[in-house]
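# Fold and contact review
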Number of protein chains: 2
Amino acid sequence: MLQLKDLPDAKVLRKFAERYEDMDSRSVTHFLNILRIGTELAESLDRFLAKHGLLQGRWWVLILLMREDDLTSTPSELAEKAGVSRATMSGLINGLLRDGLVARKEDNEDRRSYSIRLTAAGQDKLDEVMPDYYPRVKKMMNAIPVQQREDLLKQLILLKEQSKVFD
Amino acid sequence: MLQLKDLPDAKVLRKFAERYEDMDSRSVTHFLNILRIGTELAESLDRFLAKHGLLQGRWWVLILLMREDDLTSTPSELAEKAGVSRATMSGLINGLLRDGLVARKEDNEDRRSYSIRLTAAGQDKLDEVMPDYYPRVKKMMNAIPVQQREDLLKQLILLKEQSKVFD
DNA sequence: TCATTGTAGTTAGCTGGCTAACTATTGTCA
DNA sequence: TGACAATAGTTAGCCAGCTAACTACAATGA
């Protein structure tokens, strides 16, 4: 996603407001700032995961597998839970297979299907990443008192519900 | 970016908290929700732009060009302002050139460089998109009173400053 | 001046998103 | 039962991000 490094200054806002009458400088500025900060948080997380040789997609697949009691799921279920297409999940699983972090076994009951299992190496990887990840998240979120965090989230949820205005 | 459709429930949080002692369920849940909503807002914008045959990257380049008094910039400047690598900007400009939304001219003073200019077709595209975009942004942001928006932004900026915990 | 360093832009190859089209298999129901 | 519909997964080809390596040119300074 774009980083929108260079947000519009007053002069630019005037220029655009002149040509496009319905523009509301304040709401545009707020919206762009919110988008930008969201992107920046996601990028921080990515850079952190990259230090452990992972990126968001693969990391999330490992977590989804660890959630299961038998450490096992199917590509379709994983795609559904991660919110990506089955094609994308194919690619993610292939990468994890190459790195030996998951294993694939044929399903005897449904021959179209496979079961994907977190390997010992995959669990090791999580055991390396998560004890590094959790304290950092805690530290970051502690910058905001809990009540204000709840408010923040409430406002964001409001915005998200409004995002249907773009449909 | 991941959509994180399936956020952890109480049982999963317990399982992870057991294995990883430093885990703070509340901060993890807050963090993941903020990330997810950021992603969803960006996706809404992308879907909107796609209806006009654009995506965030190309749309942003057109806007950066329109900001300039002579509607002209260079690939390097555009990359810098958009916050992407020069390689990525090469790709974006190529796409826009193919569609005729920008034009390229050699720089007589520095023969390594090109100037990229918004064409009439590019301006037309913006004149089609922006009057559709601005009222929607306004409508969306109006869901939150201005004071609360300012608070929201203040909290997000705090979080962003804290995101260095991932370094 | 000319060798070195720096800068502008592109290319190749990787990741990870998507849709559309495909194969293989399973399920349904006339 | 057998045709059709639905589902699981993959592949191909697109977009857009990255780094590293490259070409071409500009700028610097011994």
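## Some details on the protein's contact with DNA strand D
- Within the structure, DNA strand D sits among 23 residues, and A:S76, A:R86, A:S90, A:R104 and A:R112 are positioned closest to it.
- Sugar plus phosphate: this is where 63% of the atoms of DNA strand D within 4 Å of the protein reside.
- One nitrogen or oxygen atom from the side chain of A:S113 is found 3.1 Å from a phosphate oxygen belonging to DNA strand D.
- Contact between DNA strand D and B:R112: a sugar or linking oxygen at 3.4 Å from a side-chain N or O atom of the residue.

## A word on the interface of chain B and chain A
- Between chain B and chain A, the contact holds 81 residues from the first and 81 residues from the second.
- Together chain B and chain A conceal approximately 8,600 Å² of surface at their shared face, both sides included; 70% is due to carbon and sulfur atoms.
- Among the residues chain B hides against chain A, the three largest losses belong to B:R67, B:Y134 and B:F166. Together they make up 9% of the total.
- Linking chain B with chain A are six salt bridges.

## Section: the relation of the copies chain B and chain A
- It takes a turn of 180 degrees to lay chain B on chain A, together with a shift of 0.0 Å along the axis; the resulting RMSD is 0.1 Å. Each copy turns onto its partner about a two-fold axis. Among all C-alpha atoms of chain B, that of B:G38 lies closest to the rotation axis, at 2.4 Å.

## With respect to the confidence of the model for chain A
- Per-residue pLDDT for chain A has a mean of 91; in total, 97% of the residues score no lower than 70.
- Confidence scores differ between elements of chain A, with helix α2 (residues 25-51) of chain A showing the lowest mean pLDDT of 89 and strand β1 (residues 72-73) of chain A the highest of 96.

## Remarks on the environment of B:K154
- Turning to its location among the elements, B:K154 is positioned in helix α7 (residues 146-162).
- Here the alpha-carbon distance between B:K154 and B:Q123, two residues 31 residues apart in the chain, equals 34 Å.

## A closer look at the protein's contact with DNA strand C
- The full set close to DNA strand C counts 23 residues, and B:S76, B:R86, B:S90, B:R104 and B:R112 are the nearest of them.
- Counting only atoms of DNA strand C within 4 Å of the protein, the sugar-phosphate share comes to 63%.
- In the environment of DNA strand C, a base oxygen lies 3.3 Å from a nitrogen or oxygen atom belonging to the side chain of A:R112.
- Of all elements in the fold, only α5 (86-98) of chain A together with α4 (75-82) and α5 (86-98) of chain B reach the threshold of two or more residues within the surface near DNA strand C.
- It is α5(A) that provides the largest number of residues to the surface near DNA strand C, a total of four residues.
- Class assignment for the residues of the surface near DNA strand C results in seven nonpolar, seven polar and nine charged.

## Considerations on the sheet that holds strand β1 (residues 72-73) of chain B
Residues and elements named next belong to chain B.
- The antiparallel open sheet is built from three strands, whose spatial order is β1-β3-β2. Two strands close off the open sheet at either side, each with one partner strand: β1 and β2 (102-106).
- With five bridges connecting them, β2 and strand β3 (residues 114-118) associate as antiparallel partners. Within β3, the residue paired with K105 across the bridge is S115.
- Against the sheet, helix α3 (residues 56-67) touches β1, β2 and β3, its axis set at about 95 degrees to β3.

## Some details on the sheet that holds β1(A)
Residue and element names in this part refer to chain A.
- The strand order β1-β3-β2 describes an open sheet built from three strands, whose pairing is antiparallel. Where the open sheet ends on each side, the last strands, each with one partner, are β1 and β2 (102-106).
- Those strands touched by helix α3 (residues 56-67) are β1, β2 and β3 (114-118), and its axis lies near 95 degrees from that of β3.

## Comments concerning a negative patch on the surface
- Together, A:E150, A:D151, B:E150 and B:D151 line one region of the surface with negative charge.
- Elements with a minimum of two residues in the negative patch: α7 (146-162) of chain A together with α7 of chain B.
- Structurally, the position occupied by B:E150 is in helix α7.
- The exposure class of B:E150 is partly exposed, given its relative accessible area of 32%.

## A few points about the packing of helix α6 (residues 120-141) of chain A against helix α2 (residues 25-51) of chain B
- Following both chains from N to C, one finds α6(A) and α2(B) inclined at 80 degrees, their axes separated by 9 Å at the closest point. As summarised for this structure, α6(A) and α2(B) are arranged roughly perpendicular, according to the angle between their axes. Contact residues: α6(A) offers A:Y133, A:Y134, A:V137, A:K138, A:M140 and A:M141, while α2(B) offers B:S27, B:V28, B:H30, B:F31, B:L32 and B:I34.

## Concerning the side chain of B:R149
- Along the chain, B:R149 falls in helix α7.
- Although buried, B:R149 forms no salt bridge, and the nearest oppositely charged side chain, A:D24, lies 4.8 Å from it.

Thresholds, definitions, all that
Residues numbered from 1 in each chain as written. Chains lettered and ligands numbered in written order. Predicted model: local features only at pLDDT ≥ 70, side-chain atom pairs only at ≥ 80, totals over all residues. Heavy atoms only, no water. Near = heavy atom within 4 Å. Polar contact = N/O pair within 3.5 Å; in protein donor to acceptor, adjacent residues only side chain to side chain. Contact = heavy atoms within 4.5 Å. Buried area = accessible area lost by both parts, 1.4 Å probe. Salt bridge = Lys/Arg side-chain N within 4 Å of Asp/Glu carboxyl O. Least-squares fit on C-alpha atoms with pLDDT ≥ 70 in both. pLDDT = per-residue confidence, 0-100. Helix = DSSP H or I, 4+ residues; strand = E, 2+ residues; numbered from the N terminus. Nonpolar A, V, L, I, M, F, W, Y, C, P; charged D, E, K, R; others polar. Pairing = 2+ DSSP bridges. Axes fitted to C-alpha atoms, helices over the stretch in contact; angles between N-to-C directions. Patch = residues over 30% accessible without salt bridge, like charges linked within 9 Å, V, L, I, M, F, W, Y side chains within 5 Å. Areas by Shrake-Rupley, 256 points an atom, 1.4 Å probe, with all protein chains shown as cover. Lys, Arg positive; Asp, Glu negative; His and termini not counted. Charge placed at Lys NZ, Arg CZ, Asp CG, Glu CD. Buried < 20%, exposed > 50% of the residue type's maximum accessible area, 1.4 Å probe, protein only. Parallel < 35°, antiparallel > 145°, perpendicular 65-115°, else oblique.

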